[in-house]
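# Chain and residue survey
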Amino acid sequence: MVKTIDLRTPLSSENVLSLRAGDFVSISGSLITGRDKIHKYLAEHRPGKKDIPFELSGAILYHCGPLIRKTEAGYKIISAGPTTSMRVEMYEASVIKEYNLKGIIGKGGMGEKTLSALKENACVYFQAIGGAAVYLAERIKKVLGVWKLDEFGPAEAMWHLETEGFPAIVTMDAHGNNIHKDIENMSFKKFSELIGENN
Amino acid sequence: MLKLRDGVVELYKKVATSLPPDIEAAMRSALLQEAAGSSAQSSLSIILENIKTARETGRPLCQDTGIPVFFIKIPVGLSQLALKHTILDATRIATEKIPLRANAVDIITEKNSGDNTGAGFPVIYFEESQTSALTIELMLKGAGSENAGQIYKLPDESLNAQRDIEGIRKCVLDTVQKAQGKGCPPYIIGVGVGGAKDQVTRLSKEQLIRKLTDTNKIDELALLEKRLLSEINNLGIGPMGLGGASTAIGVKIGANHRHPASYFVDVSLSCWANRRGRLIW
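Remember, it's a predicted structure, so these values are computed and weren't measured experimentally.

### Quick word on the overall build of chain A
- On a plain count of helices and strands, chain A comes out with seven helices and nine strands.
- The C-alpha radius of gyration computed for chain A amounts to 17 Å, which stays within 12% of the reference 16 Å derived for 199 residues, consistent with globular compactness.
- Counting only C-alpha atoms and orienting by the principal axes, one finds that chain A spans roughly 65 × 35 × 35 Å.
- Here chain A, with 199 residues, has 60% of them falling under the buried criterion.
- Contacts in chain A between residues at least 24 apart in sequence constitute 65% of all its contacts with a sequence separation of at least 6.
- With an accessible surface of roughly 8300 Å², chain A has 50% of that area assigned to carbon and sulfur atoms.
- Taken together, the 25 basic and 24 acidic charged side chains of chain A have centroids lying 2 Å from each other.

Shown next, in the form of structure tokens:
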């Protein structure tokens, strides 16, 4: 059995610094979603603490545009897997710094700018399993709130979710390790061999 | 066409909530290839559990219910326009009922239409059929993998890709190397080769509705499909791009005649959740 580290939000810098790329984690507490429009908005408008209805300091930002249904009993999460993180690379470093985020969950990894920001701000990137959206939604227990719903629509709004046992893998840590880059370098070697053999 | 409309709503439901048997079987075989305790093994196990839960609970297996893409073979005499309206109605109902995530966004106002209809949304391709049956193929094409697709004009000096089978092969390897884990591997890869830019993008997408177990009628392309599948899996990108043996579970190539001046190669990637289904009416 693979060892899994239990994490509870908010995360402290100590929590973050103890994590290493390759660790399997199980996250409980709250997740805040944010994808393309939220990142553009945060980076361009820099809304202050009082403008955002949830605490972002120490929070984990989840790159996710959930499928949500509004019912009489409130919002119900149907499916909620990660979206591709690289699309917000141009914003993420400044967002991490400005709002003191301690974790990012997404898929596919991020670039050099974000990797440096993880190191400078003691933050960590978790890879969630792309497409495992029902499995992950079952680990989201409650919708606690939402921001920018009317302006950005349900897929792009910032949702405040309560989770229990959300599985992820640390793939970019606060010490400069980056599994995505390692795999890319390794596969590039193979790729170059394959491309080169008929030259 | 009320009954047909309900049939299309049902097709949406089936496609959004259950994976075709050939894809699921390939994912099960992929799991057996991965090392015990690896992130590849863990990811694939969770994916397989997700597939099961989605089917049992009737919930869309991915929150990105994609761009709906229809490939329709329409019998002589049936109106395309009427059928298009039936599909639009079915799309609105399916979005509300299943539900699907509303994904159609106006690029000027940035407003989401809320019902998955809009300019060119869903994508509908018609072709007249030789039989009396109406065949509707639906694919829900996830956007993470859609973004990872590429188009090439051969020759391409940076890849040393010339206008031949080897050139096509290099383009496909290049697309997968660039995509890494961003589009949710293991991938299903569709390739379209030919002389008109719009045609090859359609052709590459159409390859994604082929069964993984079929064999290309053109021997040279059948060989290339097999070779590419093995080479791509040697890249070691693996499930979710975290390393491993299964980077792709299928490569399918289609070709059109080309103009002497042109040689386009379009590569379409599908995430493992290659959601497709067929309705025959």
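Here the narrative resumes, following the displayed structure.
### So, the interface of chain A and chain B
- Between chain A and chain B, the contact holds 50 residues from the first and 52 residues from the second.
- Summed over both partners, the interface of chain A with chain B buries about 3900 Å², with 60% contributed by carbon and sulfur atoms.
- When the area that chain A buries against chain B is broken down by residue, the three leading residues are A:L67, A:Y135 and A:F191, summing to 14%.
- Viewed at the interface, chain B and chain A are joined by two salt bridges.
- The interface formed by chain A and chain B holds 20 residue pairs in polar contact (both at pLDDT 80 or more) in total.
- Those elements that place two or more of their residues in the side of chain A that touches chain B are β4 (67–71), β5 (74–79), α5 (133–137), α6 (149–152), β9 (158–172) and α7 (179–196) of chain A.

### Remarks on the sheet that holds strand β4 (residues 150–153) of chain B
Residue and element names in this part refer to chain B.
- Read from one edge to the other, the open sheet built from four strands follows the order β4-β7-β5-β6, with strand pairing classed as mixed. The strands lining the two open edges of the sheet, one partner per strand, are β4 and β6 (248–255). The average undirected angle you get between the axes of adjacent strands in this sheet is 15°.
- The pairing of strand β5 (residues 187–194) with β6 spans seven bridges and is parallel. Bridge pairing in β6 links I188 to G250.
- Each of β5 and β6 touches helix α8 (residues 219–234); the most contacted strand, β6, lies at about 150° to it.

### Observations regarding the pattern of salt bridges
- Summed over the entire model, instances satisfying the criterion amount to 30 salt bridges over all chains.
- Between A:R87 and A:D36 there is a salt bridge, with the nearest N and O atoms lying 2.7 Å from each other. One end of the pair, A:R87, is in the loop between β5 and α3 (89–99); the other, A:D36, is in helix α2 (residues 36–45), with 51 residues separating them in the sequence.
- Measuring nitrogen to oxygen at the nearest pair gives 3.2 Å for the salt bridge that ties B:R210 to B:E225. Of this pair, B:R210 sits in the loop between α7 (197–207) and α8 while B:E225 sits in helix α8, and the two are 15 residues apart along the sequence.
- Taking relative accessible area as the criterion, B:R210 reaches 17% and is therefore assigned buried.

### Comments concerning unusual backbone geometry
All names here are of chain B.
- With an omega of -10°, the peptide bond between I98 and P99 qualifies as cis.
- Take P99: it is sitting in the loop between α4 (80–97) and β2 (123–128).
- Non-glycine residue N116 carries a positive phi angle of around 65°.

### Topic: the nonpolar core
- A:I27, A:I105, A:F126 and B:W272 are the most contacted members of the largest nonpolar core, which totals 63 residues.
- Looking at this core, you find at least three residues from each of domain 1 (2–13 + 61–141) and domain 2 (144–274) of chain B.

### Considering the side chain of A:T114
- The residue A:T114 is located in helix α4 (residues 112–121) in this model.
- Beyond its immediate chain neighbours, meaning those up to four positions away, A:T114 contacts A:E89, A:E92, A:A93 and A:I96.

### Looking at the sheet that holds strand β8 (residues 275–280) of chain B
Residues and elements named next belong to chain B.
- Judged by pairing direction, the sheet is mixed, and its four strands sit side by side in the order β2-β1-β3-β8 without closing on themselves. Each edge of the sheet is formed by a strand with only one pairing partner; in this case those strands are β2 and β8. When the angles between neighbouring strand axes are averaged without regard to direction, this sheet yields 15°.
- For strand β3 (residues 135–141) and β8, the ladder comprises six bridges, and the chain directions are antiparallel. Bridge pairing in β8 places L138 opposite G277.

### Brief notes about the state of the cysteines
Residues and elements named next belong to chain B.
- The tally for this structure, following the rule as stated, stands at zero disulfides over all chains.
- Just so you know, C62 is unpaired, no disulfide at all, and the nearest cysteine sulfur is the one on C271, 6.5 Å from it.
- C62 gets classed as buried once you look at its relative accessible area, which sits at 10%.

### Re the domain arrangement of chain B
Residues and elements named next belong to chain B.
- Examined at the domain level, chain B breaks down into domain 1 (2–13 + 61–141) and domain 2 (144–274).
- For domain 1 versus domain 2, the distance between C-alpha centres works out to 26 Å.
- At the junction of the two partners, domain 1 supplies 10 residues and domain 2 supplies 13 residues.
- Buried area between domain 1 and domain 2, both sides added, is near 960 Å², and the carbon and sulfur share of it is 67%.
- Taken as a group, F71, M139 and K141 account for 54% of the area that domain 1 buries against domain 2, more than any other trio of residues on that side.
- At the junction of domain 1 and domain 2, the tally comes to one salt bridge.
- Note that K141 and E146 form a salt bridge whose closest N and O atoms lie 3.1 Å from each other.
- Mapped by element, the contributors of at least two residues to the side of domain 1 that touches domain 2 are β1 (67–74), β2 and β3.
- In terms of residue class, the side of domain 1 that touches domain 2 is made up of six nonpolar, no polar and four charged.

Calculation rules
Residues numbered from 1 in each chain as written. Chains lettered and ligands numbered in written order. Predicted model: local features only at pLDDT ≥ 70, side-chain atom pairs only at ≥ 80, totals over all residues. Heavy atoms only, no water. Helix = DSSP H or I, 4+ residues; strand = E, 2+ residues; numbered from the N terminus. Rg over C-alpha atoms; globule rule 2.2 N^0.38 Å. Buried < 20%, exposed > 50% of the residue type's maximum accessible area, 1.4 Å probe, protein only. Contact = heavy atoms within 4.5 Å. Areas by Shrake-Rupley, 256 points an atom, 1.4 Å probe, with all protein chains shown as cover. Lys, Arg positive; Asp, Glu negative; His and termini not counted. Charge placed at Lys NZ, Arg CZ, Asp CG, Glu CD. Buried area = accessible area lost by both parts, 1.4 Å probe. Salt bridge = Lys/Arg side-chain N within 4 Å of Asp/Glu carboxyl O. Polar contact = N/O pair within 3.5 Å; in protein donor to acceptor, adjacent residues only side chain to side chain. Pairing = 2+ DSSP bridges. Axes fitted to C-alpha atoms, helices over the stretch in contact; angles between N-to-C directions. Core = buried A, V, L, I, M, F, W, Y, C linked by side-chain atoms within 4.5 Å. Domains from an automatic or database assignment. Disulfide = S-S within 2.5 Å. Nonpolar A, V, L, I, M, F, W, Y, C, P; charged D, E, K, R; others polar.

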